[in-house]
Every structure is written in structure tokens, then in C-alpha cells.
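A structural walkthrough
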Amino acid sequence: MKYLDEYRDPIKVKTLLREIESAVTKNWVIMEICGGQTHAFLHNGLDAMLPPQIELVHGPGCPVCVTPLEQIDRALAIASHPDVIFTSYGDMLRVPGSSKDLFAVRAQGGDVRIVYSPLEAVQIAEANPDKQVVFFAIGFETTAPANAMAVLQAKNKNIKNFSVLVSHVRVPPAMEAILGSKTNRVQGFLAAGHVCAVMGFHEYPPIAEKYRVPIVVTGFEPIDLLNGLLAAVKQLESGQAVAENQYQRAVKFEGNESAQRTIRSVFQSTDRKWRGIGVIPQSGWGLSPEFQEFDAERRFDVENIFTQESSLCIAGEILQGLKKPPQCPAFGKQCTQQSPLGAPMVSAEGACAAYYRYHREAIYG
Amino acid sequence: MCLGIPGKIAEIYEKDSLKMAKVDFGGIAKEACLAYTPEAEVGQYALIHVGFAISLMDEEEAQETLKLIQEMVDLEDEIPR
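Residues numbered from 1 in each chain as written. Chains lettered and ligands numbered in written order. Predicted model: local features only at pLDDT ≥ 70, side-chain atom pairs only at ≥ 80, totals over all residues.

This part covers the sheet that holds strand β8 (residues 215-218) of chain A. Residue and element names in this part refer to chain A. With parallel pairing, the five strands of this open sheet are ordered in space as β2-β1-β7-β8-β9. Edge positions in the sheet fall to β2 (54-61) and β9 (243-245), since each has one partner strand and no second. Across the sheet, the mean angle separating the axes of adjacent strands is 25° when strand polarity is ignored. In the sheet, strand β1 (residues 28-34) pairs with strand β7 (residues 188-192) via three bridges, with the strands oriented parallel. Note on β7: the bridge partner recorded for methionine 31 is phenylalanine 189. (Pairing = 2+ DSSP bridges. Helix = DSSP H or I, 4+ residues; strand = E, 2+ residues; numbered from the N terminus. Axes fitted to C-alpha atoms, helices over the stretch in contact; angles between N-to-C directions.)

A separate point is the domain arrangement of chain A. A common way to state how big an interface is: give the accessible area lost once the parts meet. Residue and element names in this part refer to chain A. Partitioning chain A into domains gives domain 1 (1-324) and domain 2 (325-364). Relative to domain 2, the C-alpha centre of domain 1 lies at a distance of 19 Å. Each partner contributes residues to the interface: domain 1 has 25 residues there, and domain 2 has 22 residues. By residue class, the composition of the side of domain 1 that touches domain 2 is twelve nonpolar, eight polar and five charged. (Domains from an automatic or database assignment. Contact = placed C-beta atoms within 7 Å. Nonpolar A, V, L, I, M, F, W, Y, C, P; charged D, E, K, R; others polar.)

A word on the nonpolar core. Membership of the largest hydrophobic core comes to 145 residues, with the highest contact counts inside it found for Ala191(A) and Ala53(B). When residues of this core are assigned to their parent elements, the largest contribution, nine residues, is made by helix α12 (residues 222-238) of chain A. If you count residues domain by domain, this core takes at least three from each of domain 1 (1-324) and domain 2 (325-364) of chain A. If we skip the residues at most four places from it in the chain, Ala191(A) touches Ile33(A), Cys196(A), Phe201(A), Tyr204(A), Ile215(A), Val216(A), Val217(A) and Thr218(A). (Core = buried A, V, L, I, M, F, W, Y, C linked by C-beta atoms within 7 Å. Buried ≥ 20, exposed ≤ 12 C-beta atoms within 10 Å, placed from the backbone.)

Residues and elements named next belong to chain A. Taken in spatial order, the six strands line up as β4-β3-β5-β6-β11-β10 in an open sheet, and their pairing is mixed. Two strands in the sheet have a free side with no partner beyond their single neighbour: β4 (111-114) and β10 (267-274). Adjacent strand axes in the sheet meet at a mean angle of 25°, parallel and antiparallel pairs treated alike. Packing of helix α7 (residues 118-127) onto the sheet brings it into contact with β3 (84-88), β4, β5 (132-139) and β6 (162-169), and relative to β5 it is tilted by some 170°.

On to the interface of chain A and chain B. Between chain A and chain B, the contact holds 43 residues from the first and 30 residues from the second. Counting only elements with at least two residues in the side of chain A that touches chain B, the list comes to α1 (10-23), α4 (63-66), α7, α8 (144-156), α10 (193-199), α12 and α13 (257-266) of chain A. Of the residues forming the side of chain A that touches chain B, the biggest block, six residues, is contributed by α1(A). Considered class by class, the residues forming the side of chain A that touches chain B number 23 nonpolar, twelve polar and eight charged.

Rendered as C-alpha cells:
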């Protein structure tokens, strides 16, 4: 397919690998923020072809992974209501809550449906006026425009039986939390290309400057990933620390301003709890006051559900790039893709799932 | 979840007062909302994510990136290894 296949050309991949090899003289720790990029690196075997001086650490950019357990428990409580149709992106259904997952709710008779676009959830609400339709609005800046539009549509069409369980998180505050931590090892970032397609990258130059880290906006195909990595290595080797764009075909500095306007009209900045990391101030979005009537947490009175996370799962350290999945004692043992303990093993973007799928030697030796 | 895929806009129409499109992903057609890329035209490629076009693909920039890397490849070929 156009804009994909030409970025998978093995000759260009090999050249870029050699360019990286000749550019690197010291050891560098570089984090790819987005879990989609983690999977793309491992799926294509690129991590194994990089020079040994480069250590890739995997970032928190997996919305399913960072959604805290209590938010899953709130979703389970809502989805268990007999008059509720609970709608969600497919990834969330297998994420374990304290006692079960959304699939289990469905097996027990709950009406839990996977939607591709949040607009489908609004249509389901319109078609089922006697039911309460709730959409699990999770994600980073990439899903926010779609989720915001669903709320806006419900308001414009005066659909009263629609609400959203919001768990939106943002990338820049997470980067700052990682960089500001005493245990931080990250020296350079590959910024998530599709987050930047929406938000642009005007938030990144101040971070690059403050923490002296290169930040390179990077795409998802092998050539994109290596091109981003090459740019980061060149900056590190020459002592530069700026925000630059290596995903020009999809990302503009200012991003998609129309999407940003809609996000700002529906959501407002709020503190968010991240799984295994804790509360990061002003790190996400919640519904703004004009849209409170669509808040499922209030409608179903689940605001006071709080949950302790499993002590066995080291998701927090994984998501901050402090540990790799095979360093978790439960990895491949108590925690597998068939029976996951934590969200990073469930999601198609989770680092544990990527290692479980593509690095089987990590399990079997 | 952030895996946007570029697709070709095959048809543009309006639904529930939103600009929508039928988008072709190499033979698979899906509906996407163009509310955030109102300038989109039939034949253009858009990056589609959870049913929304979040940016239009920039053909010039795409070619430029490939050209720069091709230059690296050509340069390598000239240097005896």
C-alpha cells in the first residue's frame, strides 16, 4: 500500500542501519514512546540489528497499559448494569480488572460491544433509546479528536442516553515525569508520530531544551523508525538537543489545529493516575464543565471505586523504561498472553506482549 | 491503538451533518470522518485513526524523505567497502 510499502524497502533499511552504526561512538539509551513503535521494532527484528551501543527502552505510549486498574473496575461496574450497552475499542476487553475482564461481563450476560469508531457508539445510543450506552473513551492525543467528536455529536443531536467513561492521557507530561525522575536513564526520545499528527510538536522544544534531550518525531515503518533513530543518534553524538521531525509526510509543526480546537472545547486538562506510575499532575483530559452531563462516572456513581494494583506485576517499571519485560519474575510464567496479569501483556501495543510474541527466547532461554 | 493507517479517499459524502468518506485501504473499504481534514479531496491519502482522518499525507514530503535515503544508498554504492 502507498505510503507504507516504500518505507519497508530492505536496501534502504540496510543502508540506514549502516549509517547508524557509523554515527554511533558511545552508549546511548533511547526511548520510543509509542507502544506501536515498540511492536514495529520487535516485529521487524530491528532491535536485534542495531549496534550494541544503542539500547532501546520502551515507553508508556500504550493507552491500554497505562489505564489504571480502578478505571477498569469502574468500567466493569458500569458494564454489569442490566440496562447498559457498554462500548469500547477492542483492546480493552481482555484487560484484567481486580476480579474479571469485560469479556467475562459479556459471558455473564452483559451487553459489551466493540466499536471501531466512537461515532458507532453514538449510533448505537440513537438506535437503543431505552438503554444507556456508555463508551470507554481511553487513549492518548490520537483518539481524543474522535472521542471528543462523539460527545459533541451526542450533544448536538440531544442524545440523552449516551455517556463516556473518560480516561484520556497525554504524552508530554509523561515524558517530563520520566525525565524528572531520579532513576531516569533516557537520553533521547523517538516521539510518537501519530500523537504528533494531531498535536504537532510545538510542545517538545521546551522539553528538549530543559532536559537536554533530543526528541525526534518518528513514524512506524522500518525506514521511519531507523530514520528517527539515526537523527536521535546524530544529535546525541554531536551534543545537540532539539525537537525535530522525521515523519514529515504525516506531521506538521502545528499539528491538526481543527482537531485541537474540538479537543479543547470538549475536554479540559486534569490530573490522571497512570497504572504502576501513580498520579501525574495535569497529565490527561477530562470532560469540561459544559459536557459534564455525559460523564459516565457521575451517571453511574462509580467515582469512589479505588483499587490496589497487583504486587506481582511490574508494569510501572516497564512503562517508565526502567525494566524490560523478561526481567519481570512473572513474565511467561504467571503472566502470559493467554492469562495476562497486567495490561502490557494484553495490548497490541504493550511491551510485554511484544516480547512474548517476538522474543520467545526470553521465555525459553 | 495509535496505529493510524494511510488510506485513499474514494468517495466523500455527508452523514449526520459530518463530512464523511469511503476510504480504500488496499482493497478494503471503510468509512471515516473527515471533520478534521475538511480540505480533503477524492484521490488524496489520509491517515485514518479510529474512524477519523487525522492528517492528509503530504506527497512532496514523502518523496523528499525517500529521496534523501536513496542518496545515502547511492553514496554507499560508490564507496568501495
